[in-house]
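Secondary and tertiary structure notes
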Amino acid sequence: MIRQADALVRTGFKPDVVILGADGAIGHHIVKAFAGKGMQVAAVSQAPATRNAGANVHFLQGDVCDSDALARLIGDAPFLVNAARPKITEDWADCERKVQEAIDAVSSACKRAGVKRLVHISSIAALYLGDKGDVITGRAPVDPYGWQRSNYSRARGVEEIALLTQFEETALPVSILRPGITVGEGATPYHAGVGLFSDAHRCICRDDGRHPLPFVLGEDVASAVVAATERNGVLGHCYNLAGDVRLCAREYDEALGTALCGALV
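Below or above, wherever it landed, is the structure these notes cover. These numbers come from a predicted model, not from an experiment. (Residues numbered from 1 in each chain as written. Predicted model: local features only at pLDDT ≥ 70, side-chain atom pairs only at ≥ 80, totals over all residues. Heavy atoms only, no water.)

Here we come to the pairing of strand β3 (residues 57-61). In terms of residue burial, β3 counts as a mostly covered element, since four of its five residues are buried. Looking at chain direction, strand β2 (residues 41-45) and β3 are connected through five bridges and run parallel. Opposite V41, over in β3, you have V57 as the bridge partner. (Buried < 20%, exposed > 50% of the residue type's maximum accessible area, 1.4 Å probe, protein only. Helix = DSSP H or I, 4+ residues; strand = E, 2+ residues; numbered from the N terminus. Pairing = 2+ DSSP bridges.)

Put into structure tokens, the structure is as follows:
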């Protein structure tokens, strides 16, 4: 259940936007972006709230699979942002089932509440990026070799396919954003997209470490989410998000080492 949701409804709280995964590395930037526009924000996360709520932000603890409670919380809110990470387990069949259940619950709540736009946060991890000559656009499909990938990458692909299928078959008003390697306040500096960090001072790159990487700031992802609720012509489309600062893994590792050493002085 989504704790305190019904209590908020009884008090007359009417959110303009509901954000799932609000305590995540990207989610808390999204909360801040909408709150900064003066909108009433219902911020839902699985863990108890650890961030202070502003006057127009209410943090709630709950499970995104509780479709009934989520629909009641949404009420007349026109926007829902799904920034919740998929539940990953070692067994793929179990993982796939959990992912599908979560997407079905969110989609059902949106339809019953009459949400005008659902913005789903995916990841470029869902895509196949192996051909050097290819230009990867938002039209790129999920990785056709997903069975060779991690369960996280496969789960992101399952989410996208399920949502786009519902857009085609039931007119679910969804847009999908795929952030690159997200960095900034609240995000881990040891991102798996850079390489395998055995500790704070050792990183094993996936190649020679000299290829530019698609970094993006969490606050820029949040700006894109806000734009996805305001712009026309975005429904049924996917957008890849990356900034214009393309450090390679070696440069990032060097900059990170300098920052960490400076922090220890």
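Mapped onto the fold, R178 is located in strand β6 (residues 174-179). The exposure class assigned to R178 is buried, which follows from its relative accessible area of 1%. Here G138 takes part through its backbone oxygen, which lies 3.3 Å from a polar atom of the side chain of R178. Of note is the side chain of R178, whose polar atom sits 3.0 Å from the backbone oxygen of A140. If we ignore the near neighbours within four places in the chain, the residues touching R178 are S122, S123, I124, L127, T137, G138, A140, E160, C238, Y239, N240 and L241. (Polar contact = N/O pair within 3.5 Å; in protein donor to acceptor, adjacent residues only side chain to side chain. Contact = heavy atoms within 4.5 Å.)

Turning our attention to the packing of helix α3 (residues 67-74) against helix α4 (residues 92-113). α4 packs onto α3 with a crossing angle of 40° between their chain directions and a minimal axis gap of 8 Å. Regarding the angle of α3 to α4, the classification is oblique. For α3 against α4, the interelement crossing comes out right-handed. On the side of α3, the interface is formed by S67, D68, L70, A71 and I74, while α4 contributes A105, V106, S108, A109, R112 and A113. Among the residues forming the contact of α3 with α4, the class breakdown is seven nonpolar, two polar and two charged. (Axes fitted to C-alpha atoms, helices over the stretch in contact; angles between N-to-C directions. Parallel < 35°, antiparallel > 145°, perpendicular 65-115°, else oblique. Left-handed = near helix turned anticlockwise from the far one by under 90°. Nonpolar A, V, L, I, M, F, W, Y, C, P; charged D, E, K, R; others polar.)

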